[in-house]
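Residue strings, one per chain:
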Amino acid sequence: MSKMSEEKAAGGAADAAQPQQQLASGEAAAARVRPVETLLRAAPLGLCVAAMAVMLRDQQSNEYGTVAYSDLGGFKYLVYANGLCAAYSLVTAFYTAVPRPATVSRSWIVFLLDQVFTYLILAAGAAGAELLYLAYNGDKEVTWSEACGVFGSFCRQARTSVAITFGSVLCFIILSLISSYRLFSAYEAPPSAALGNKGVEIAAYPR
């Protein structure tokens, strides 16, 4: 009986130490990637502000009329998305630069926010690229003629803004990978003993 009690006590101590070991591994992983992550979180700030500033000044007038970014919903969305992502980059750069204990809940919050803002800026870049494609090539099926032959300066400036936006997209994709690594490195793979002697069973579905 005493031997069984000692084994149970040792098992309980091991179970109690496992969460602490997971948090320690999460903190070590965060410390390794913190300098790179801080720089990457600061980089989209400059890119988003630059893309937003270029698009806000995008306007051209000639004998054919006047066109501005505000006339097109996709370009307005690009401006709003870059503004939101710039604010998020500023906040998270300060957050990442300050060392703090790694917790699973914080890692989940940063991971989910990174996913949201990555898709937000990606959608903005895709919408801007689609508008540029139509402006340069038109759409014969709906009898839209190309407009960049008339408003070339407007199209060039919009193209610059969209290109900078995709630079921000690349940064946010890398940040999403880093936050994923930091989150899931806090979890350990289940021990082989938990799988039993038969290993992992794969369900077979009838055809």
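Residues numbered from 1 in each chain as written. Predicted model: local features only at pLDDT ≥ 70, side-chain atom pairs only at ≥ 80, totals over all residues. Heavy atoms only, no water.

Draft legend 1. Quick look at the overall build of the chain. The helix and strand tally for the chain stands at four helices and two strands. For the chain, the sequential pattern of α-helices and β-strands runs α-β-β-α-α-α. In the chain, buried positions account for 33% of the 207 residues. Sequence separation of at least 24 residues holds for 82% of the intrachain contacts in the chain that already meet a minimum separation of 6. For the chain, the computed accessible surface area is about 12800 Å², with 65% contributed by carbon and sulfur atoms. (Helix = DSSP H or I, 4+ residues; strand = E, 2+ residues; numbered from the N terminus. Buried < 20%, exposed > 50% of the residue type's maximum accessible area, 1.4 Å probe, protein only. Contact = heavy atoms within 4.5 Å. Areas by Shrake-Rupley, 256 points an atom, 1.4 Å probe, with all protein chains shown as cover.)

Draft legend 2. Geometry of the UniProt feature "transmembrane region" (unreviewed entry) in the chain. Residues annotated in UniProt with the feature "transmembrane region" (unreviewed entry) correspond here to residues 77-98, 110-136 and 162-184. From the first C-alpha to the last, residues 77-98 spans 32 Å; its make-up is 95% helix and 0% strand. Secondary structure across residues 162-184 divides into 100% helix and 0% strand, with the first and last C-alpha atoms of the span separated by 33 Å. (UniProt positions renumbered as here; feature names shortened; annotations may be inferred.)

Draft legend 3. Local environment of the nonpolar core. Grouped together as the largest cluster of nonpolar side chains are 28 residues, with contacts concentrated most on Met55, Phe75, Cys85, Phe117, Ile121, Phe154 and Phe172. The element contributing the most residues to this core is helix 4 (residues 152-184), with eight residues. In this view, phenylalanine 75 contacts Met55, Tyr69, Gly128, Leu131, Leu132, Phe154 and Ala158; residues no more than four positions away in its chain are not counted. (Core = buried A, V, L, I, M, F, W, Y, C linked by side-chain atoms within 4.5 Å.)

Draft legend 4. Geometry of the state of the cysteines. Within the structure shown, the criterion is met by one disulfide. Here cysteine 148 is linked by a disulfide to cysteine 155, with a sulfur-sulfur distance of 2.0 Å. Note on the cysteine 148 and cysteine 155 pair: the S-S dihedral is about -90°, so by sign convention the disulfide is left-handed. In this structure, cysteine 148 and cysteine 155 share a single accessibility class: buried. No disulfide involves cysteine 48; its sulfur sits 5.1 Å from that of cysteine 85, the nearest cysteine. Summary of cysteine pairing: cysteine 171 is not part of a disulfide, and the nearest cysteine sulfur, belonging to cysteine 48, is at 8.5 Å. (Disulfide = S-S within 2.5 Å.)

Draft legend 5. Layout of a nonpolar patch on the surface. There is a patch of nonpolar side chains on the surface, built from Trp108, Leu112 and Phe184 and spanning about 290 Å² of accessible area. Inspection of the secondary structure puts phenylalanine 184 in helix 4. For phenylalanine 184, a relative accessible area of 45% gives the class partly exposed. (Patch = residues over 30% accessible without salt bridge, like charges linked within 9 Å, V, L, I, M, F, W, Y side chains within 5 Å. Salt bridge = Lys/Arg side-chain N within 4 Å of Asp/Glu carboxyl O.)

Draft legend 6. Inspection of the pattern of salt bridges at higher detail. Scanning the entire structure with this criterion turns up one salt bridge. The partner of arginine 41 in a salt bridge is aspartate 114, with the nearest N and O atoms 2.6 Å apart. In this pair, arginine 41 is assigned in helix 1 (residues 2-56) and aspartate 114 in helix 3 (residues 104-137), connecting sequence segments 73 residues apart. Comparing arginine 41 with aspartate 114, the two get one shared label, buried.

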